[in-house]
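Chains, contacts and geometry: an overview
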2 protein chains.
Amino acid sequence: MKKKPTRVKFGYTGIRVRDLDGAIDFFTKYLGMKLRSRVKADWSKGEFANLVSKGGEHWLEINWYSDNSPIAVPFREGEELDHLGFEVDDFEGLLKKLSDAGYPTRIGPVRMGVWEVAFVQGFENIWLDIYKIRRKARKRRSKS
Amino acid sequence: MKKKPTRVKFGYTGIRVRDLDGAIDFFTKYLGMKLRSRVKADWSKGEFANLVSKGGEHWLEINWYSDNSPIAVPFREGEELDHLGFEVDDFEGLLKKLSDAGYPTRIGPVRMGVWEVAFVQGFENIWLDIYKIRRKARKRRSKS
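Presented here is an overview of the structure given in this document. (Residues numbered from 1 in each chain as written. Chains lettered and ligands numbered in written order. Predicted model: local features only at pLDDT ≥ 70, side-chain atom pairs only at ≥ 80, totals over all residues. Heavy atoms only, no water.)

A few points about the sheet that holds strand S1 (residues 8-16) of chain B
Strand order in this open sheet of 8 strands is S6(A)-S7(A)-S8(A)-S5(A)-S1(B)-S4(B)-S3(B)-S2(B), and the pairing throughout is mixed. One side of each edge strand has no neighbouring strand; the edge strands of this open sheet are strand S6 (105-112) of chain A together with strand S2 (34-41) of chain B. For this sheet, the mean angle separating the axes of adjacent strands, direction not counted, is 20°. One ladder, built from 7 bridges, connects strand S7 (residues 115-121) of chain A with strand S8 (residues 127-133) of chain A; its direction is antiparallel. Within S8(A), the residue paired with Trp115(A) across the bridge is Ile133(A). In the packing of helix H2 (residues 91-100) of chain A onto the sheet, the strands contacted are strand S5 (81-88), S6, S7 and S8 of chain A together with S1 of chain B, and the crossing angle to S7(A) comes to about 5°. (Pairing = 2+ DSSP bridges. Helix = DSSP H or I, 4+ residues; strand = E, 2+ residues; numbered from the N terminus. Axes fitted to C-alpha atoms, helices over the stretch in contact; angles between N-to-C directions. Contact = heavy atoms within 4.5 Å.)

Shown next as structure tokens:
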């Protein structure tokens, strides 16, 4: 009998921040995410929060570790997390809202085909790709 | 008239690696992802690849930048990317496959309620949470 192939799914993205409350505030207030759960983890001497977008099932896990966490090294900025991508309908509106709150657009906005793209330096310098895809509108069937 | 609220969706996660070919190989061979596109970007003097899981629409963007990229600072390891989470049906099988390939389980496996969880140090030291959720099987309606 043929063996069933293993199924694997990219389920969530875990980032680490220094200020968990501030990060939850940022992603819920400006990026429209909903806080699904928040958990104090004794085993890691840390705390994490899970956030989701409406209509999206991939969640963002935001981790915070205390200085004496047995699993975390001291925080330092690095390059592995290049950026997080957020699709938006009101492109200019969101860029303005972020900019007004102190998170300016650093690259763009640029138009590439059906894409509008801008890179914003967000909370704790986490880079965001704010983008809009101009999907072709379907032709309406004319009444005749 | 009431203004429609802005809709924002967490669409993708962009990571940065030093070896793009190696990273594509890792995520397709061990984490079951499919390469959807690969793009050389003149404006960034870099290259990126987009990968998706079967049944998942949130994509993983893997970025590589040349040393003379106008938008990227030199690579250094840091803590912003805590880990990437992959849900799997064959939990033990995937951990063994990764371990055999030189990517050992560093924390766990542990059982927490319906979750089985293990942390693996993957390609270029990117941490992975390999997890399985033991969802309750639906009761079959008995024929009577």
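Some remarks on the relation of the copies chain B and chain A
Superposing chain B onto chain A takes a rotation of 180° combined with a translation of 0.0 Å along the rotation axis, leaving an RMSD of 0.0 Å. Put plainly, the chains are arranged around a two-fold axis. Relative to the rotation axis, the closest C-alpha in chain B is found at Gly78(B), a distance of 1.7 Å. Same-surface contact between copies: 100% of interface residues of chain B are shared with the interface of chain A. (Least-squares fit on C-alpha atoms with pLDDT ≥ 70 in both.)

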